[in-house]
Amino acid sequence: MLQKSIKKMLIFSFGGTGYCLIELMWRGRTHWSMYLAGGLCFYLIERLNRTILSGKTIWSKCAAGAMVITTIEFMVGCIVNLWLGLEVWDYTRLPLNLFGQVSLVYTTLWYALSAPLSVISKTVDKCFEIES
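Residues numbered from 1 in each chain as written. Predicted model: local features only at pLDDT ≥ 70, side-chain atom pairs only at ≥ 80, totals over all residues. Heavy atoms only, no water.

### Let's talk about the packing of aromatic side chains
Part 1: Under the definition given, this model contains eight aromatic pairs.
Part 2: Each ring, one from Phe14 and one from Phe42, has its centre 5.3 Å from the other, and the planes form 55°; the classification is tilted. In this pair, Phe14 is assigned in helix α1 (residues 2–27) and Phe42 in helix α2 (residues 32–50), connecting sequence segments 28 residues apart.
Part 3: The buried category is assigned to Phe42, whose relative accessible area is 2%. (Phe/Tyr/Trp six-rings, centres within 6.5 Å; stacked < 30°, edge-to-face > 60°. Helix = DSSP H or I, 4+ residues; strand = E, 2+ residues; numbered from the N terminus. Buried < 20%, exposed > 50% of the residue type's maximum accessible area, 1.4 Å probe, protein only.)

Take a look at the structure:
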């Protein structure tokens, strides 16, 4: 039980930290909400890869990862940008955006990012070797 909780916390922390680091490298700044979004994204991706997508192709895992990240980004964007007005990001100038919160441009980047996340997810499972 404790090992499961530690695994979940590590997965969330890795995702949150990773997402913030990507933002810092990409645009030179980040926001605390990105830690929460990144943590939730990696947790969900890891869980999907271990269950529903187990044994599927890397391309399937990348597509699912891109959908998870885009969906979480949209939900967080609606809360922090549209509802709370924190103006963390604005994609209105990008093509194929939805309310300025997500863009197909970034979804393609999330697709590519999901490949290494799939490998990392598998490594985490091997380190813990437990069922959840």
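### Here we look at the nonpolar core
Across soluble globular proteins, nonpolar side chains show a tendency to be buried alongside one another.
Part 1: Ranked by internal contacts, the top residues of the largest apolar core, which has 22 residues, are Met34, Ile69, Ile72, Val76, Trp89 and Trp110.
Part 2: Those elements that place two or more of their residues in this core are α1, α2, α3 (58–83) and α4 (104–128).
Part 3: The dominant element in this core, judged by the number of residues it contributes, is α3, at six residues.
Part 4: Not counting the four nearest positions on each side in its chain, Val76 is found in contact with Ser33, Met34, Ala37, Asn81 and Trp89. (Core = buried A, V, L, I, M, F, W, Y, C linked by side-chain atoms within 4.5 Å. Contact = heavy atoms within 4.5 Å.)

### Let's talk about the pattern of salt bridges
Part 1: For the structure shown, the criterion picks out three salt bridges.
Part 2: The partner of Glu46 in a salt bridge is Lys7, with the nearest N and O atoms 3.6 Å apart. Placement of the pair is Glu46 in helix α2 and Lys7 in helix α1, with a sequence separation of 39 residues. Across the pair, Lys7 and Glu46 agree in class, each one buried. (Salt bridge = Lys/Arg side-chain N within 4 Å of Asp/Glu carboxyl O.)

### What about the side chain of Glu23?
Part 1: Structurally, Glu23 is set in helix α1.
Part 2: Residue Glu23 is classed as buried on the basis of its relative accessible area, which comes to 11%.
Part 3: Those residues in contact with Glu23 that sit more than four places away from it in its chain are Gly28, Arg29, Thr30, His31 and Met34.

### A few points about the confidence of the model for the protein
Any region with low pLDDT has predicted coordinates that should not be read closely.
Part 1: The predicted model of the protein averages 92 in pLDDT, with 98% of residues at 70 or higher.
Part 2: Considering each helix and strand of the protein separately, the mean pLDDT is smallest for α4, with a value of 88, and largest for strand β2 (residues 102–103), with 98. (pLDDT = per-residue confidence, 0-100.)

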